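# Geometric and topological summary
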Amino acid sequence: MLSSNLLDEFADQGYVIARNILDPDTVLQPVIDEYASVADRLGKRWIPDEYDPSESPIERMLQLMRETHGACFQAMDITLPLEDDILPDTPMHLGPAVFHLLRNEALLDAVETFIGPEILSNPVQHMRIKPPQSSISAKNKPHTLTLTGKTSWHQDLAVVTEDADQTNLVSVWLPLNEATVENGCLLVVPGSHKLGLVHHCDTPTFQGIPEHLIGESKVPLPVSPGDVILLHPLIMHASLPNLSDGGRWSFDLRYSPAGQPTGRRWYPEFIARSRAHPETELTDPEQWADSWQSARRALAGKPRPAFARWDPADPLCA
Ligand SMILES: O=C(O)CCC(=O)C(=O)O
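Residues numbered from 1 in each chain as written. Predicted model: local features only at pLDDT ≥ 70, side-chain atom pairs only at ≥ 80, totals over all residues. Heavy atoms only, no water.

## Observations concerning the overall build of the chain
Condition: Helix and strand definitions here come from DSSP, where helices need a minimum of 4 consecutive H or I residues and strands a minimum of 2 consecutive E residues; each element is numbered from the N-terminal end. Restricting the calculation to C-alpha atoms gives the radius of gyration, and the globule rule supplies 2.2 Å times the number of residues raised to the power 0.38. The rule is simple: take the accessible area with a 1.4 Å probe, protein chains only, and divide by the maximum for that residue type; under 20% is buried, over 50% is exposed, in between is partly exposed. Here a residue-residue contact requires only that any non-hydrogen atoms of the pair lie within 4.5 Å. For accessible areas, the Shrake-Rupley method is used with a probe of radius 1.4 Å. Any residue's cover is judged against the shown protein chains and nothing else. When charges are tallied, Lys and Arg are placed among the positive residues and Asp and Glu among the negative ones, while His and the ends of the chain are skipped. Each charge is placed at NZ for Lys, CZ for Arg, CG for Asp and CD for Glu.
Within the chain, the regular secondary structure consists of 7 helices and 11 strands. Computed over the C-alpha atoms, the radius of gyration of the chain is 19 Å, within 12% of the 20 Å expected from 2.2 N^0.38 for a compact globule of 318 residues. Reported as C-alpha extents along the three principal axes, the dimensions of the chain are approximately 55 × 50 × 40 Å. Across the 318 residues that make up the chain, the buried fraction comes to 56%. For the chain, long-range pairs separated by at least 24 residues make up 83% of all intrachain contacts whose partners lie at least 6 apart in sequence. Total accessible area on the chain is roughly 13900 Å²; 53% of this is exposed by carbon and sulfur atoms. Distance from the positive charge centre (25 side chains) to the negative charge centre (43 side chains) of the chain: 4 Å.

Below you can see the structure in the form of structure tokens.
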């Protein structure tokens, strides 16, 4: 468990960094290895002539991103797309190593400190591979860039449906390689969670908090593999552009107390930890993958689930 100092810090600042709580060798390396296999599979399919399997896993993923102009990203993400049509074969990555990361004991211990012992894995979750900005072509779809480029200022509560406004959501952000100021680490406005939910734009040209509402003190959060950043759902945060010549690789996951709305009711949730009813925990990675596949079947070919929290024609965002 994290110390009560960290609880106080979270209440005051809206975020904490739990340093060195995940063992890079036993917890992160299996995820890296799993993605190396994903990259090899995608490489053979998408860019058989150029793909270089002798590169490191992150370089292989960057090569895929570069040569496919980001089109292969959906096959590496751990969710269905929010802004693309869902098809019966929309790809996702739902491997056992990712599932074990979602259920990692040390991670859940940290989460338990903030939201209690009945923990739901909330389906608002992404893997992000962020290529050097200089290698990103204009052929990338804008909404792929919101996940793989610089992220604009937002509060996480703004990207879930209103039924989750009272949900005790906690966001968990963890790097698989060094996240630095140069390669695009997270940026927060400490204390900004105390302002409540602020206005967001969601227009075709701009998504996020308008500049004039963002506080003055913007603090970058460089972190290392093994560290975990926990964010209050109302803290204003963004990420810097990747100005390095390497990649930035991370996961952002969300947890909320069992029984509270997730804010993405059309996607599957599962009990990651229950001290009261351990028999309700999902322990089988295949069942987790099946739950996403059945969501995909249910959603494929249908109008996209409505997410109309912010007016796309909002004059304040023009
Ligand atoms: O990883 C990033 O660049 C941004 C992540 C983020 O904004 C989030 O997890 O809400």
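Now, onward.
## Some remarks on the pairing of strand β10 (residues 248-257)
To keep things clear, this is the line we draw: In short, DSSP must find at least two bridges between two strands for them to pair.
For β10, the buried fraction is high: 10 of the 10 residues fall into the buried class. On β10, burial covers both faces: R248, S250, D252, R254 and S256 on one face and W249, F251, L253, Y255 and P257 on the other are all buried. Pairing analysis gives 9 bridges linking strand β2 (residues 118-130) to β10, with the strands arranged antiparallel. Note on β10: the bridge partner recorded for K130 is R248. Bridge count between strand β3 (residues 170-175) and β10: 6 bridges; the pairing is antiparallel. Bridging across to β10, L174 finds its partner in F251.

## Some details on the site of the ligand
For the record, the criterion: In this text, near means that some heavy atom of the residue lies within 4 Å of the molecule or strand in question. We define a polar contact as two N or O atoms separated by no more than 3.5 Å, with the added condition that, inside protein, one atom must be a possible hydrogen donor and the other a possible acceptor, whereas residues neighbouring each other in sequence contribute only through side-chain atom pairs. All amino acids are sorted into three groups, where Ala, Val, Leu, Ile, Met, Phe, Trp, Tyr, Cys and Pro are nonpolar, Asp, Glu, Lys and Arg are charged, and the leftover types, Gly among them, are polar.
As a matter of local geometry, the ligand sits amid R128, K130, T151, H154, D156, W173, L186, H237, S239, R248, D252 and R254. The side chain of D156 places a nitrogen or oxygen atom 2.9 Å from an oxygen atom of the ligand. Within the contact set of the ligand, an oxygen atom lies 2.9 Å away from a side-chain nitrogen or oxygen of W173. Of all the secondary-structure elements, those providing two or more residues to the shell around the ligand are β2, β9 (237-239) and β10. No other element matches β10, which puts 3 residues into the shell around the ligand. Partitioned by chemical class, the residues of the shell around the ligand number 2 nonpolar, 4 polar and 6 charged.

## Concerning the state of the cysteines
Here is the rule we go by: In this description, a disulfide is simply a cysteine sulfur pair whose atoms lie within 2.5 Å.
Tallied over the full model, the rule gives 1 disulfide. Bridging C201 to C317, the disulfide has an S-S length of 2.0 Å. On the sign convention where negative is left-handed, the bridge of C201 and C317, at about -85° about the S-S bond, is left-handed. Note that C201 is positioned in strand β5 (residues 201-202) and C317 in the segment after α7 (285-299), a separation of 116 residues in sequence. A relative accessible area of 4% places C201 in the buried class. Residue classification places C317 among the buried residues on the basis of a relative accessible area of 10%.

## Examining the sheet that holds β10
Filter applied, for reference: Convention adopted: a line fitted to C-alpha atoms gives each axis, helices being fitted over their contacting stretch, and angles between N-to-C directions are expressed from 0 to 180 degrees.
Across the sheet, which stays open at both edges, the 6 strands sit in the order β1-β8-β3-β10-β2-β11 with antiparallel pairing between neighbours. Both outer strands of the open sheet, β1 (15-18) and β11 (270-274), are each paired with one neighbouring strand and no more. Each adjacent strand pair in this sheet contributes to an overall mean axis angle of 30°, direction not counted. In the packing of helix α1 (residues 4-13) onto the sheet, the strands contacted are β1, β3 and β8 (228-231), and the crossing angle to β1 comes to about 145°.

## A few points about the packing of helix α2 (residues 24-46) against helix α3 (residues 57-67)
For the record, the criterion: Crossing handedness is defined as follows: a turn of the near helix away from the far one that is anticlockwise and smaller than a right angle gives a left-handed crossing, while the clockwise case is right-handed.
Across the interface, α2 lies against α3 with an axial gap of 9 Å and an inter-helix angle of 35°. With respect to the hand of their crossing, α2 and α3 are arranged in left-handed fashion. Across the interface between the two elements, I32, Y35, A36, A39, D40, L42, G43 and W46 from α2 touch P57, R60, M61 and L64 from α3. Class assignment of the residues belonging to the contact of α2 with α3 gives a composition of 9 nonpolar, 1 polar and 2 charged.

## Some details on the nonpolar core
Here is the rule we go by: Remark: nonpolar core denotes a set of buried residues (Ala, Val, Leu, Ile, Met, Phe, Trp, Tyr, Cys) joined through side-chain atoms within 4.5 Å.
One finds Y35, M76, I129, L174, L230, F251 and Y255 to be the most contacted residues of the largest nonpolar core, which totals 64 residues. Once residues lying within four places of it in the same chain are set aside, the contact partners of L174 are L22, L28, L101, L107, D227, V228, W249, S250, F251 and L253. With 21 residues, the next largest nonpolar core counts W173, V188, I214 and I235 among its residues.

## Digging into α3
Of all 11 residues in α3, 8 are buried; the element is thus mostly enclosed. The complete set of buried residues in α3 reads P57, I58, R60, M61, L62, Q63, L64 and M65. Those residues of α3 that are buried are in contact with α2, β2, α6 (142-148) and β10. Phi turns positive one or two residues past the end of α3, at H69, with a value near 50°.

## Quick look at a negative patch on the surface
Put simply, the rule reads: Each patch groups residues whose relative accessible area exceeds 30% and which form no salt bridge, using 9 Å between like charges and 5 Å between nonpolar side chains of Val, Leu, Ile, Met, Phe, Trp and Tyr. Salt bridge criterion: a side-chain nitrogen from Lys or Arg within 4 Å of a carboxyl oxygen from Asp or Glu.
Residues E55, E59, E182 and D245 make up a contiguous surface patch of negative charge. Within the secondary structure, E182 sits in the loop between β3 and β4 (186-188).

## Remarks on the sheet that holds β9
Judged by pairing direction, the sheet is antiparallel, and its 3 strands sit side by side in the order β7-β4-β9 without closing on themselves. Across the chains shown, the open sheet's two edge strands, defined by having one partner strand only, are β7 (219-221) and β9. Geometrically, the sheet is characterised by an average inter-axis angle of 30° between neighbouring strands, direction not taken into account. Pairing of β4 with β7, which is carried by 3 bridges, proceeds in the antiparallel orientation. Within β7, the position partnered with L187 by the bridge is P220.

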